[in-house]
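Okay, here's what each chain looks like letter by letter:
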Amino acid sequence: MENKPVTVALIYDFDGTLAPGNMQEYDFIPAVGKSAAEFWEESNVIAKAQDADPILTYMAKMIECARRKGLSLKREAFRESGRKITYYRGVREWFGRINAYAAARGVRVLHYINSSGLKEMIEGTPIASEFRKIYACSFLYDVDGIAYWPGVAVNYTNKTQFIFKINKGVESVSDCKLVNQYIEERERPVPFSRMIYVGDGTTDIPCMRLVKNFGGHSIAVYNPASAKVGRKDLASLIRDNRVNHVCAADYTEGSEIDRLVKLIIDKIAVDFELQQLEIPR
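These notes cover the structure that comes with them. (Residues numbered from 1 in each chain as written. Predicted model: local features only at pLDDT ≥ 70, side-chain atom pairs only at ≥ 80, totals over all residues. Heavy atoms only, no water.)

## Quick look at the overall build of the protein
Helix and strand counts for the protein come out as 10 helices and seven strands. Computed over the C-alpha atoms, the radius of gyration of the protein is 20 Å, within 12% of the 19 Å expected from 2.2 N^0.38 for a compact globule of 281 residues. In terms of its C-alpha atoms, the protein occupies a principal-axis envelope of roughly 70 × 45 × 35 Å. Counting only residues that meet the buried cut, the protein has 48% of its 281 residues in that class. Relative to all contacts within the protein whose residues are 6 or more apart in sequence, the contacts with residues 24 or more apart total 63%. Total accessible area computed for the protein in this model is approximately 13600 Å², and 51% of it derives from carbon and sulfur atoms. The protein carries 38 positive and 36 negative side-chain charges, and their two centres are separated by 1 Å. (Helix = DSSP H or I, 4+ residues; strand = E, 2+ residues; numbered from the N terminus. Rg over C-alpha atoms; globule rule 2.2 N^0.38 Å. Buried < 20%, exposed > 50% of the residue type's maximum accessible area, 1.4 Å probe, protein only. Contact = heavy atoms within 4.5 Å. Areas by Shrake-Rupley, 256 points an atom, 1.4 Å probe, with all protein chains shown as cover. Lys, Arg positive; Asp, Glu negative; His and termini not counted. Charge placed at Lys NZ, Arg CZ, Asp CG, Glu CD.)

## Digging into the sheet that holds strand β1 (residues 6–12)
Pairing within the open sheet is mixed, and its seven strands lie in the order β4-β3-β2-β1-β5-β6-β7. Each having just a single partner strand, β4 (147–152) and β7 (245–248) make up the two edges of the open sheet. Between one strand and the next, the sheet's axes are offset by a mean angle of 25°, whatever the strand orientation. Relative to strand β5 (residues 195–199), β1 runs parallel, the two sharing four bridges. Bridge pairing in β5 places Tyr12 opposite Val198. (Pairing = 2+ DSSP bridges. Axes fitted to C-alpha atoms, helices over the stretch in contact; angles between N-to-C directions.)

## Some thoughts on the pairing of β1
With seven of seven residues buried, β1 is to be regarded as a mostly interior element. Neither face of β1 is open: one carries Val6, Val8, Leu10 and Tyr12, the other Thr7, Ala9 and Ile11, and all of them are buried. By the bridge criterion, seven bridges tie β1 to strand β2 (residues 107–118) in an arrangement that is parallel. Within β2, the residue paired with Ile11 across the bridge is Tyr112.

## Details of helix α10 (residues 256–278)
Here α10 contains 23 residues, and its C-alpha end-to-end distance of 33 Å stays within 8% of the 33 Å for a straight helix at 1.5 Å per residue. When we look at burial in α10, the residues that qualify are Ile257, Asp258, Leu260, Val261, Lys262, Ile264, Ile265, Ile268, Ala269, Phe272 and Gln276. Residues of α10 that are buried in the fold lie against β1, α5 (91–103), β2, β5, β6 (217–222) and β7. (Expected span 1.5 Å × (residues − 1).)

## A word on unusual backbone geometry
One can expect most non-glycine residues to show negative phi and most peptide bonds to be in trans. Positive phi values are uncommon outside glycine, yet Asp51 reaches one of about 50°. Turning to its location among the elements, Asp51 is positioned in the loop between α2 (36–49) and α3 (54–69). Among the residues examined, Asp51 registers a relative accessible area of 74% and is labelled exposed. Here the phi dihedral of Asn241 falls at roughly 65°; this positive angle occurs in a residue that is not glycine. Tracing the backbone through its elements, the reader meets Asn241 in the loop between α9 (227–239) and β7. Residue Asn241 is classed as partly exposed on the basis of its relative accessible area of 41%.

## Some details on the nonpolar core
Among the nonpolar cores identified, the biggest contains 87 residues, and Phe14, Phe78, Leu118, Ile219 and Tyr251 are the most heavily contacted of them. Sorting elements by how many residues they give to this core places α10 first, with eight residues. Not counting the four nearest positions on each side in its chain, Phe78 is found in contact with Phe28, Met62, Leu73, Leu118, Glu120, Met121, Phe139, Tyr141 and Ala147. (Core = buried A, V, L, I, M, F, W, Y, C linked by side-chain atoms within 4.5 Å.)

## Comments concerning the environment of Arg188
Summarising the element assignment, Arg188 is placed in the loop between α7 (160–168) and β5. Relative accessible area serves as the criterion here: at 14%, Arg188 is assigned to the buried category. Along the sequence, Arg188 and Phe28 sit 160 residues apart, while their C-alpha atoms lie 40 Å from each other. When residues no more than four places from it in sequence are discounted, the contact partners of Arg188 are Asn167, Lys168 and Ile183. Here the side chain of Arg188 touches Asn167 through a polar contact of 2.7 Å, side chain to side chain. (Polar contact = N/O pair within 3.5 Å; in protein donor to acceptor, adjacent residues only side chain to side chain.)

## What to know about the side chain of Ser138
Locating Ser138 in the fold gives a position in strand β3 (residues 133–141). In contact with Ser138, other than residues within four places in its own chain, are Met59, Leu118, Lys119, Glu120, Pro150, Gly151 and Val152.

## Things to note about the packing of aromatic side chains
Both the distance between ring centres and the angle between the ring planes are used here to describe each pair of aromatic rings. Under the defined criterion, the tally for this structure stands at 13 aromatic pairs. Centroid distance Phe78 to Phe139: 5.3 Å. Interplanar angle 25°. Geometry classified as stacked. With a gap of 61 residues between them, Phe78 in helix α4 (residues 75–82) and Phe139 in strand β3 connect regions that are remote in the sequence. Here Phe78 falls in the buried class, since its relative accessible area comes to 1%. Centroid distance Tyr112 to Tyr135: 6.5 Å. Interplanar angle 10°. Geometry classified as stacked. Of this pair, Tyr112 sits in strand β2 while Tyr135 sits in strand β3; the two residues are 23 residues apart in sequence, bridging distant segments of the chain. Each member of the pair, Tyr112 as well as Tyr135, is classed as buried. Of the aromatic side chains, those joined through ring pairs into one cluster are Phe28, Phe39, Trp40, Tyr58, Phe78 and Phe139. Between Arg105 and the ring centre of Tyr101, over which it is positioned, the NZ or CZ distance is 3.5 Å. (Phe/Tyr/Trp six-rings, centres within 6.5 Å; stacked < 30°, edge-to-face > 60°. Lys NZ or Arg CZ within 6 Å of the ring centre and 35° of its normal.)

What follows is the structure, encoded as structure tokens:
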């Protein structure tokens, strides 16, 4: 194997994948005096009544509710909410362990978030520094640093654009030129075959299917607290050829997903070594 490490992209959804539930439910929604059910119902009613994108309506609802309660709409306030999020078992230790395992095999792992949640909240989490890039919803801010309008809205289909950005090494969200330029597959920083996508449900299906169809690996995860129901609900994704694997969202050492991701890293390393042997010398 050549000295330059093989690059693997590990791409995660956030809500329901790394943390149970939705990130707004830990701190923000209680702070505006609503239950999670009330907040999401009101947001979805707006979306249905006006035939709008539910992601945009939840972001508008956040601004409306915060203003009504007199809560701060500054970036740091959202980050503070993010600090209240709790994670599935093993998440905090996961990144260092996987990085070390991969490095021993000549593989560099880059971690990415691809989420319909709020980027500002994810930035407030203690695991934010683990990610090469956080692709998620975010607000525009005025001269006083107050959120006033959605800046990026990430729904289940436009999540796929970030897979192509990672593939081509384009990190800017606003870039729509370089990402559409033709680049030979062998020249792309992260081939699809070296991607691992981890998601928990329907909003991740287009990404999981895309990565799988292009030779990468897609893993659907479920809450370990409802293992029997979760595995059964996601089994159809394998039958429908949308994902490669279904696992519990337990990231501790020796867990099912821990063993699986390590095996995939092994496979990518071996595949690369075999490819090098095929190159004429």
